[in-house]
Amino acid sequence: MNAEPLPTATFGELQAMGDRLLGRILSGADPADVLRHVRPVDFPLSGQRDLARFLAARHKAGLPYDLAAVSDALMAHDPRHIVDRIGGFEGLSALADGDLLKMKQGAITSYGLALRLGALDSCLSSLAVELGAATAAGQEARAGDLLRRFVRLARMRDGLEGSKAAKPPGVLCSEVVPEAVSPLWQGRLYLGKIAVLDGDPGCGKSTLTLDLAARLSTGAPMPDGSPGLLGGALVVSVEDGVGDTIVPRLKAAGANLSRIVALSGVPDAEGGQRIPTLPADIPVIEAAALRVGARLVILDPLMALLSGGVDSHRDQDVRRALAPLEAMAERLRASVLIVRHLNKGANAGGSPLYRGGGSIGIGGAARSGFLVAKDPGNPSVRVLSSSKNNLGPEAPSLQYEMEGVMLDGLGEVARIRWEGVSPHTASSLLDQSGAGSGPHGGGALEEAAEFLSDLLADGPVSSDEIRKKAEKAEISRRTLFRVRETGLLAWKSSKNPLDGEWYWELNRSVPTPGLAQLAHMKNSTLVESKNRSVPSVPSEGVGTVEMAPDLHSDCRILEQSGAVAQPDSLLDPSAALKAFMEV
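Everything numeric in this text was worked out from a predicted model, so none of it was measured.

Each value, and the rule that gives it
- Residues numbered from 1 in each chain as written.
- Predicted model: local features only at pLDDT ≥ 70, side-chain atom pairs only at ≥ 80, totals over all residues.
- Heavy atoms only, no water.
- Helix = DSSP H or I, 4+ residues; strand = E, 2+ residues; numbered from the N terminus.
- Buried < 20%, exposed > 50% of the residue type's maximum accessible area, 1.4 Å probe, protein only.
- Contact = heavy atoms within 4.5 Å.
- Areas by Shrake-Rupley, 256 points an atom, 1.4 Å probe, with all protein chains shown as cover.
- Core = buried A, V, L, I, M, F, W, Y, C linked by side-chain atoms within 4.5 Å.
- Axes fitted to C-alpha atoms, helices over the stretch in contact; angles between N-to-C directions.
- Parallel < 35°, antiparallel > 145°, perpendicular 65-115°, else oblique.
- Left-handed = near helix turned anticlockwise from the far one by under 90°.
- Pairing = 2+ DSSP bridges.
- Phe/Tyr/Trp six-rings, centres within 6.5 Å; stacked < 30°, edge-to-face > 60°.
- Nonpolar A, V, L, I, M, F, W, Y, C, P; charged D, E, K, R; others polar.
- Polar contact = N/O pair within 3.5 Å; in protein donor to acceptor, adjacent residues only side chain to side chain.
- Salt bridge = Lys/Arg side-chain N within 4 Å of Asp/Glu carboxyl O.
- pLDDT = per-residue confidence, 0-100.

A. Inspection of the overall build of the chain at higher detail. Along its length, the chain carries 20 helices and 16 strands. Within the chain, buried positions represent 52% of all 583 residues. Across the chain, the fraction of contacts at a sequence separation of at least 24, relative to all contacts at a separation of at least 6, is 72%. Accessible surface computed for the chain: about 25800 Å², of which carbon and sulfur atoms make up 54%.

B. Broad picture of the side chain of Ser 385. For Ser 385, the position within the fold is in strand S11 (residues 378-389). Ser 385 sits in the buried class, given a relative accessible area of 0%. Excluding residues within four positions of it along the chain, Ser 385 makes contact with Gly 369, Phe 370, Leu 371, Ser 397, Thr 425, Ala 426 and Leu 429.

C. Region of the structure containing the nonpolar core. Leu 234, Val 297, Leu 299, Leu 325, Val 336 and Ile 338 are the most contacted members of the largest nonpolar core, which totals 37 residues. Top element by residues in this core is helix H13 (residues 315-332). It accounts for seven residues. Excluding residues within four positions of it along the chain, Val 297 makes contact with Leu 234, Ile 285, Ala 289, Met 328, Leu 332, Ala 334, Ser 335, Val 336 and Leu 337. Membership of the second largest hydrophobic core comes to 35 residues, among which are Val 235, Ala 262, Ile 298 and Leu 337.

D. Summary view of the packing of helix H1 (residues 11-26) against helix H3 (residues 46-60). At a minimum axis distance of 11 Å, the contact between H1 and H3 shows a crossing angle of 25 degrees. The pairing of H1 with H3 is recorded here as roughly parallel in orientation. As for how H1 packs across H3, the hand of that crossing is left-handed. Side by side, H1 and H3 meet where Gln 15, Gly 18, Asp 19, Leu 22, Ile 25 and Leu 26 of the first sit next to Gln 48, Leu 51, Ala 52 and Leu 55 of the second.

E. Layout of the sheet that holds strand S14 (residues 461-462). A sheet is described by the order of its strands in space; here three strands give the open sequence S14-S16-S15, paired in antiparallel fashion. At either margin of the open sheet sits one strand with a lone partner, and together these are S14 and strand S15 (491-495). With two bridges joining them, S14 and strand S16 (residues 502-506) adopt antiparallel strand pairing. Note on S16: the bridge partner recorded for Ser 462 is Tyr 503.

F. Just the packing of aromatic side chains, in detail. Enumeration according to the criterion identifies one aromatic pair in this entry. Arranged with centres 5.1 Å apart and planes meeting at 55 degrees, the rings of Tyr 400 and Trp 418 form a pair that is tilted. With Tyr 400 in strand S12 (residues 397-407) and Trp 418 in strand S13 (residues 411-422), this pair connects stretches of sequence that are 18 residues apart. Under the relative-accessibility criterion, Trp 418 is labelled buried at 15%.

G. Structural detail: the pairing of S16. One ladder, built from five bridges, connects S15 with S16; its direction is antiparallel. Of the residues in S16, the one forming a bridge with Ser 494 is Tyr 503. In this antiparallel pair of consecutive strands, S15 and S16, the connection spans six residues, and Gly 500 shows a positive phi of 75 degrees.

H. Just the packing of helix H9 (residues 205-218) against helix H10 (residues 242-252), in detail. Here H9 crosses H10 at 50 degrees, and the two axes come no closer than 9 Å. Between H9 and H10, the crossing angle belongs to the class labelled oblique. Regarding H9 and H10, the two cross each other, and that crossing is right-handed. On H10, the residues that touch Ser 206, Thr 207, Leu 210, Ala 213 and Ala 214 of H9 are Ile 246, Arg 249 and Leu 250. Among the residues making up the contact of H9 with H10, the classes are represented as five nonpolar, two polar and one charged.

I. Quick look at helix H4 (residues 67-76). Of all the residues in H4, the buried ones are Ala 69, Val 70, Ser 71 and Leu 74. Looking at the buried side of H4, the elements it contacts are H1, H3, helix H5 (82-85) and helix H6 (88-95). Measuring from the side-chain oxygen of the N-cap residue of H4 to the backbone nitrogen of Ala 68 gives 3.2 Å; that N-cap residue is Asp 66.

J. Spotlight on the pattern of salt bridges. Counted under the stated rule, the structure contains 17 salt bridges. One salt bridge in this structure joins Glu 419 and Arg 417, with 2.9 Å as the shortest N-O distance. Note on Arg 417: relative accessible area 32%, which makes it partly exposed. Across the pair Glu 465 and Lys 469 runs a salt bridge whose closest N-O atoms are separated by 2.8 Å. Placement of the pair is Glu 465 and Lys 469 together in helix H17 (residues 463-472), with a separation of four residues, close to one helical turn. Accessibility expressed as a relative area gives 32% for Glu 465, which makes it partly exposed. We classify Lys 469 as partly exposed; its relative accessible area is 38%.

K. Looking closely at the sheet that holds S12. Ordered in space as S5-S4-S8-S9-S3-S10-S11-S12-S13, the nine strands form an open sheet in which the pairing is mixed. Because the sheet does not close on itself, it has two edges, and the strands there are strand S5 (260-263) and S13. Averaged over all pairs of adjacent strands, the angle between their axes in this sheet comes to 20 degrees, without regard to strand direction. Bridge analysis of S11 against S12 gives four bridges, and the strand direction is antiparallel. By the bridge assignment for S12, Leu 384 is matched with Leu 398. Most of the contacts of H13 go to strand S8 (residues 294-300), to which it runs at about 155 degrees, and overall it touches strand S3 (194-199), S8 and strand S9 (335-340).

L. Main features of the confidence of the model for the chain. Confidence in the prediction for the chain averages 76 pLDDT; 78% of positions are at 70 or higher. Note on residues 1-7: pLDDT under 50 across the span, and twelve contacts to partners over four residues away in sequence or across chains. Note that pLDDT drops below 50 for residues 345-349; the model gives that stretch eight contacts with residues more than four away or on any other chain.

M. Looking closely at unusual backbone geometry. Here the bond from Leu 278 into Pro 279 is cis, since omega is 10 degrees, no more than 30 degrees from zero. Within the secondary structure, Pro 279 is located in the loop between strand S7 (273-274) and helix H11 (282-290). With omega at -10 degrees, the peptide bond leading from Asp 300 into Pro 301 counts as cis. Among the secondary structure elements, Pro 301 is positioned in the loop between S8 and helix H12 (302-305). Located in the positive-phi region is Arg 333, a residue other than glycine, with phi close to 50 degrees. Tracing the chain through its elements places Arg 333 in the loop between H13 and S9. On the basis of relative accessible area, Arg 333 is assigned to the buried category, the value being 9%.

The structure is reproduced here in structure tokens:
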């Protein structure tokens with residue numbers, strides 16, 4: 001709780017906190033555990049307030065308050081249309097996530113304080129508008145009453161915000177409740193922890209991560225047959241297009257797209273879009289994850305997301321950049337899977353985890369690690385092997401193949417077909433295949449440049465043929481355009497008047513610096529294609545909190561209650577964001 005102060009919670013964050021507190025009750029927890037920290041009037045949405053009143057009334061009357069009982073009761077009698085205002089019965093069911101039972105007490109108290117502050121801010125804002133109007137109209141008596149109310153609420157707010165008691169540093173281990181590590185994928189991925197996935201281009205790393213996201217979104221079993229979880233996923237990708245690559249592959253994997261958020265850009269100061277960077281944009285990434293209650297956050301690839309001030313080969317820089325990412329994983333109680341390309345040096349022995357690009361600090365921050373490589377005996381088969389597991393025994397290697405599936409309107413789309421256990425280990429794969437030991441190190445852009453150079457060497461090729469071949473080679477259309485934008489390889493496109501198709505060809509009139517230029521491209525600004533859609537993200541700052549029609553009644557309740565919190569609720573307001581999603 002001694003972290004740097006964070007901005008005041010936005011409306012979206014307050015709404016998410018309210019949803020999680022209500023969901024904790026619906027999932028079977030004692031309402032008193034929540035309602036002693038936050039009252040119905042403190043929730044930002046009118047639907048949330050009415051649902052909180054409904055749950056509190058049932059608890060007081062000794063009636064059941066679990067999801068099934070509440071659903072039946074609201075279906076029979078719902079005069080305030082609570083169900084409609086929380087997204088229907090599907091929205092009500094979405095609140096009751098069984099994992100919420102594991103929410104830590106610190107998160108509950110922090111959420112309660114944040115919601116209380118948000119409710120006071122909303123009332124203060126409303127009173128300020130009314131005060132201005134009354135003063136302008138010469139209504140002295142009304143203006144005086146409004147001013148007195150404003151001062152009372154402002155003092156309450158200042159008292160809450162300044163009530164943090166100084167505590168000695170550290171935590172007494174006798175006060176810590178031991179807890180077991182929770183797996184997302186038994187023996188491989190863990191909630192609240194970082195994992196790293198290494199491999200050369202063409203091994204299906206991105207498609208593999210999307211397969212895992214798809215399984216999570218539907219609660220399907222994991223590739224080895226072990227039970228899966230049901231939850232959301234966030235895909236942060238700066239090389240694959242959302243519309244032409246990520247979503248089609250998710251559909252091919254059978255994903256529930258409403259549980260997955262894609263993030264490929266964030267607003268810049270000029271009103272445009274730029275790629276997300278670590279660690280600066282972790283708050284944006286976290287806000288995007290909150291939209292779907294993400295239990296898996298995919299960062300693909302890590303090197304493209306590190307800010308220009310981070311030297312990826314310097315251990316100290318990397319650890320400072322990843323420390324906030326580790327904290328985010330704990331707050332979200334999500335597994336963060338970072339994707340890396342293998343470095344270009346030949347295998348020199350030692351841990352396969354050292355073969356991933358960048359500092360060994362990346363592997364050090366990860367609690368588990370994986371290597372994907374082609375099976376030396378059958379190049380059409382890929383193998384997912386364990387390179388590290390600090391939280392349990394290493395799981396057996398699994399083999400898979402890339403296959404194409406036809407989707408209406410999208411053509412052939414790549415997906416993973418799992419084929420059981422493989423005898424190979426990460427070390428044996430590197431020893432036999434020489435993965436990552438190519439002359440250029442296997443970077444995604446470099447791979448795409450070589451692909452285009454070979455394909456266009458004999459003359460123009462139709463864009464449709466290029467798309468199909470790139471799809472099979474695991475190269476996105478966006479990466480092909482970046483090859484030209486960054487100057488790695490010059491090519492041009494033109495429309496053939498005879499058949500109406502577009503063709504690509506090498507632009508031999510433009511000199512290119514060659515593949516050596518690749519080293520300077522990591523920090524370059526990416527140019528988005530004209531029709532590339534970038535998912536919106538919550539804006540910074542304090543949003544206007546929606547109030548119920550009885551605004552004055554709610555404000556009066558806040559005034560009369562004195563907004564007095566329980567002693568253990570008086571935390572630093574910024575702690576609510578630090579504890580966000582800490583379940």
